[in-house]
Each structure stands twice: as C-alpha cells, then as structure tokens.
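Residue strings, one per chain:
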Amino acid sequence: MTPEWRSKRKSLDLELTPSDKLNIKKAIVITVIPKLQHDLGFSATGLSWVQNAYTLAFGGLLLTWS
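Here the structure is a predicted model, which means the values were calculated and not measured.

Definitions and cut-offs
- Residues numbered from 1 in each chain as written.
- Predicted model: local features only at pLDDT ≥ 70, side-chain atom pairs only at ≥ 80, totals over all residues.
- Heavy atoms only, no water.
- Helix = DSSP H or I, 4+ residues; strand = E, 2+ residues; numbered from the N terminus.
- Buried < 20%, exposed > 50% of the residue type's maximum accessible area, 1.4 Å probe, protein only.
- Areas by Shrake-Rupley, 256 points an atom, 1.4 Å probe, with all protein chains shown as cover.
- Contact = heavy atoms within 4.5 Å.
- Expected span 1.5 Å × (residues − 1).
- Patch = residues over 30% accessible without salt bridge, like charges linked within 9 Å, V, L, I, M, F, W, Y side chains within 5 Å.
- Salt bridge = Lys/Arg side-chain N within 4 Å of Asp/Glu carboxyl O.

Trainee: Just to check I follow, could you spell out the overall build of the protein for this structure?
Mentor: The helix and strand inventory of the protein stands at two helices and zero strands. Split into buried and exposed, the 66 residues of the protein put 14% on the buried side. Taken as a whole, the protein presents about 5,400 Å² of accessible surface, with 66% of it coming from carbon and sulfur.

As structure tokens, then:
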C-alpha cells in the first residue's frame with residue numbers, strides 16, 4: 001500500500017467510527033425496549049419517544065466529541 005492510500009484508509013476509519021458507535025448503542029436500546037415497557041409501563045408511543053430521545057442525545061454527543 002502506498003502512504004497516500006494508508007492516510008485515506010485511516011481517515012475513512014475515523015469517519016465511520018462515530019456512526020458505528022451510534023448504531024451499536026441504538027441496537028442496545030432496541031434490545032432493552034421490551035423490558036422498559038414492562039417495568040415502567042410505557043405505551044408504544046412512549047417507547048418511541050425514549051428511543052428517539054436517546055438516539056438524538058447520543059448522536060449530538062458524538063458530534064461534539066468528534
């Protein structure tokens with residue numbers, strides 16, 4: 001590999017990392033949703049709000065950390 005290709009590869013890895021982290025965290029929240037609904041008595045609408053709020057908050061933090 002040429003040095004130019006290595007630098008492009010490194011920048012691509014750095015760009016994909018925040019979105020990958022967000023997708024992993026969203027998957028964790030989606031997995032926990034049925035337990036949240038049962039334990040806290042949320043409706044389907046309430047669960048949607050929880051998921052969206054978490055995704056927006058975590059995504060916003062990722063933007064400030066990157």
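Moving on, there is more to tell.
Trainee: How should the environment of Lys21 be read in this particular structure?
Mentor: With respect to the helices and strands, Lys21 occurs in helix 1 (residues 3-40). A relative accessible area of 44% places Lys21 in the partly exposed class. Once residues lying within four places of it in the same chain are set aside, the contact partners of Lys21 are Phe58 and Leu62.

Trainee: What is the right way to look at helix 2 (residues 44-65) in this model?
Mentor: Given 3.6 residues per turn, any residue in an α-helix points the same way as the ones three and four places further on. Compared with an ideal rise of 1.5 Å per residue, which puts 22 residues at 32 Å, helix 2 spans 32 Å between its outermost C-alpha atoms and is within 8% of the ideal. All of the buried residues in helix 2 are Gly46, Leu47, Thr55, Phe58, Gly59 and Leu62.

Trainee: What's the story with the environment of Leu22 in this structure? I'm lost.
Mentor: By the secondary structure assignment, Leu22 is in helix 1. Note: C-alpha distance between Leu22 and Gly59 (37 residues apart in sequence) is 6.5 Å. For Leu22, the residues in contact, after removing those within four places along its chain, are Thr55, Phe58, Gly59 and Leu62.

Trainee: Just to check I follow, could you spell out a nonpolar patch on the surface for this structure?
Mentor: A contiguous nonpolar patch, built from Ile24, Ile28 and Val32 and spanning about 260 Å² of accessible area, is present on the exposed surface. Secondary-structure assignment places Val32 in helix 1. Accessibility expressed as a relative area gives 38% for Val32, which makes it partly exposed.

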